[in-house]
Amino acid sequence: MADPTTTTPDPTPDRGPGPGPGPGPDATTPDPTVIADRVHVSYTVPTGPRGSRRVHAVRGVGFVARRGEAIGLIGSNGSGKSTLLKAIAGLQPVESGTIYTRGRPALLGVDAALMGDLSGERNVILGGLALGMRRPEIESRYDEIVDFSGLATGNPLDDPLSRPMRTYSAGMGARLRFAISATARSHDVLLIDEALATGDARFQRRSRRRIDELRAAAGTVFLVAHSHATIRDTCDRALWLEAGTLRRDGPADEVVAAYEEFTRTGTPSGPTPGTPSGPTP
């Protein structure tokens, strides 16, 4: 077994933390792709020329994600959602606890390591190489990636793909990153942080269809979004993080409703907070 502070491949059900009540797996239960077992993540941030403070961003979080699930992460700003995604991707060290993963999780916009001084066209190639693709494979998928991004104008005098990426708006850059990460190849685990908030309605529809395709191919998708409608429309399950702790884990509609009640009244509706209701290993 690998170092417990790092992500490791090929989780098996008997390694899991067993968060929440419920029956164990049977022959019809999909295999786990991510198991988080009492995970704590802390890091130091500067507070001045000589000062710093320690942030305990994730506090004892445990859950099991399975093939074919789309899982939304919701919670207040600073609740640990993005930090948890980085920990699953292996980009943020885990202070204690363990994260097991199947394959290599792909964090949207990070695995596609794009460069601002290169054109969009060159960045598609660079991003594909960063994802482990070979040059012929990238070339065969190039038109699909560009079409998905919606950046091709058909006008050679105003072609965003021929311009340096540093000239792109934030939305254009996010769309190209999503297109590379989600279209270039399939993933066992795809981690998306607010990418669906960019682009027009057509691009968002394409993005949701792609998520459905990944799930149908037995992948797992994690999505951080402040739009509750996006979580309800895209995800069947949600994790609610608050101040770094897992307040609730269950069906997306129920968890979003509890969080919305909490933001209105300060008291979540439904079952007692802190008791996950999601699947167990």
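Residues numbered from 1 in each chain as written. Predicted model: local features only at pLDDT ≥ 70, side-chain atom pairs only at ≥ 80, totals over all residues. Heavy atoms only, no water.

**With respect to the environment of Arg232**
Mapping Arg232 onto the fold places it in helix α6 (residues 228-234). Looking at Arg232, the relative accessible area reads 31%, which means it is partly exposed. Each C-alpha atom of the pair Arg232 and Pro251 lies 9.3 Å from the other, and the pair is 19 residues apart in sequence. When neighbours within four sequence positions are excluded, Arg232 is seen to be in contact with Asp253, Val256, Ala257 and Glu260. There is a polar contact of 3.2 Å between the side chain of Arg232 and the side chain of Glu260. (Helix = DSSP H or I, 4+ residues; strand = E, 2+ residues; numbered from the N terminus. Buried < 20%, exposed > 50% of the residue type's maximum accessible area, 1.4 Å probe, protein only. Contact = heavy atoms within 4.5 Å. Polar contact = N/O pair within 3.5 Å; in protein donor to acceptor, adjacent residues only side chain to side chain.)

**So, the sheet that holds strand β9 (residues 237-242)**
Strands sit in the order β6-β7-β8-β4-β9-β10 across an open sheet of six strands; the sheet is mixed. Two strands close off the open sheet at either side, each with one partner strand: β6 (106-107) and β10 (245-251). Contacts from helix α7 (residues 252-265) reach β4 (70-74), β9 and β10 within the one sheet, and its direction differs from that of β10 by about 135°. (Pairing = 2+ DSSP bridges. Axes fitted to C-alpha atoms, helices over the stretch in contact; angles between N-to-C directions.)

**Concerning the pairing of strand β8 (residues 220-224)**
For β8, the tally of buried residues reaches five of five residues, placing the bulk of the element in the interior. Along β8, one buried face is formed by Thr220, Phe222 and Val224 and the opposite face, lined by Val221 and Leu223, is buried too. Pairing between β4 and β8: four bridges, direction parallel. For Ala70, the partnering residue across the bridge sits in β8 and is Val221.

**Let's talk about the environment of Leu241**
Of note, Leu241 is situated in strand β9. Placed 183 residues apart in sequence, Leu241 and Val58 show a C-alpha to C-alpha distance of 8.7 Å. For Leu241, the contacting residues outside a window of four places in its chain are Val61, Ile74, Gly75, Ser76, Ser79, Gly80, Lys81, Leu84 and Leu246.

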